[in-house]
Amino acid sequence: MGTVEKPRRITMTPAALRVLEAAARLFYERGIHAVGVDLIAAEAGVTKKTLYDRFGSKEQIVVEYLAGRDERWRAFLAQHLDAAQPAASARVLAVFDASRVWSAENSSKGCSMVNAHAEISDPSHPAYPIITGQKEWMLSLFTDLAENIAPGGGAQLGWTLMLLHEGALVAHGLNIFPDPIGHAREQARTLLATTGVAAAKR
């Protein structure tokens, strides 16, 4: 699967962990640009000097926030994939199942990477490779699984599954109709069944 360019990371001290916990909550709830270091420091109960001593910049806090969410998501997804049946179609549906649970527990406002990309579109930003890297990794996962379902057509099927998945994440954040990820899962299940039958007839 795809790889993410490794960002510079820092060693977490207790004070740094408090800063990161406060920043992660504020960034997700209010947006990255809307949250300044003064507010983060106040919420974390540290001075601005301590914040800068630990992280050096707000950009580094953003890196740690997004990299941490990415790591937790990948570990969470790995658990669901490990528990799934070995068939590629079952593993695809397990991705949707994992996203459904993760979003209910961690992402009431939608995907943190999609939200961050709306604010960080400059490829020179140190967090940019984390954002795009996660989505490239997800696309690689879908296309790798799809190739086992439709040999020779994995790219097209993978793109479609990715569109279903990402569209569902955005719809979840917008909260304009119930259970969009569950709906996308059913659409994916129908697509996989149809594709599997067609592949078997070749």
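Things to note about the environment of H80
- In this structure, H80 sits in helix α4 (residues 58-83).
- In this structure, H80 is in contact with A94, D97, A98 and V101, ignoring residues within four places of it in sequence.

Things to note about the side chain of D70
- One can find D70 in helix α4.
- With a relative accessible area of 7%, D70 lands in the buried category.
- Polar contacts involving the side chain of D70 include one to the side chain of Q134, which spans 2.9 Å.

Re the packing of aromatic side chains
- With the rule as written, the count across this model stands at five aromatic pairs.
- Judged by centre distance (5.5 Å) and plane angle (55°), the rings of F27 and Y65 are tilted. On the criterion of sequence distance, the pair formed by F27 in helix α1 (residues 14-30) and Y65 in helix α4 is long-range, its members being 38 residues apart.
- What makes F27 buried here is its relative accessible area of 3%.

Comments concerning helix α8 (residues 154-174)
- If you check α8, its first and last C-alpha atoms are 30 Å apart, about what 21 residues at 1.5 Å a residue would give, namely 30 Å.
- Listing the buried residues of α8 in full gives G154, L157, G158, L161, M162, H165, E166, A168, L169, A171 and H172.
- In the stretch just after α8, N175 is the one whose phi turns positive, near 55°.

Quick word on the packing of α1 against α4
- Following both chains from N to C, one finds α1 and α4 inclined at 80°, their axes separated by 10 Å at the closest point. On the basis of the axis angle, α1 is roughly perpendicular to α4. Residues V19, L20, A23, A24, F27 and Y28 of α1 pack against K58, I61, V62, E64, Y65 and R69 of α4.
- A breakdown of the residues in the contact of α1 with α4 according to their chemical character gives nine nonpolar, no polar and three charged.

Some words on the environment of L26
- Within the fold, L26 resides in helix α1.
- Judged by relative accessible area, L26 falls into the buried class, the value being 0%.
- L26 sits 53 residues away from Q79 along the chain, and the two C-alpha atoms are 28 Å apart.

What counts, and where the lines are drawn
Residues numbered from 1 in each chain as written. Predicted model: local features only at pLDDT ≥ 70, side-chain atom pairs only at ≥ 80, totals over all residues. Heavy atoms only, no water. Helix = DSSP H or I, 4+ residues; strand = E, 2+ residues; numbered from the N terminus. Contact = heavy atoms within 4.5 Å. Buried < 20%, exposed > 50% of the residue type's maximum accessible area, 1.4 Å probe, protein only. Polar contact = N/O pair within 3.5 Å; in protein donor to acceptor, adjacent residues only side chain to side chain. Phe/Tyr/Trp six-rings, centres within 6.5 Å; stacked < 30°, edge-to-face > 60°. Expected span 1.5 Å × (residues − 1). Axes fitted to C-alpha atoms, helices over the stretch in contact; angles between N-to-C directions. Parallel < 35°, antiparallel > 145°, perpendicular 65-115°, else oblique. Nonpolar A, V, L, I, M, F, W, Y, C, P; charged D, E, K, R; others polar.

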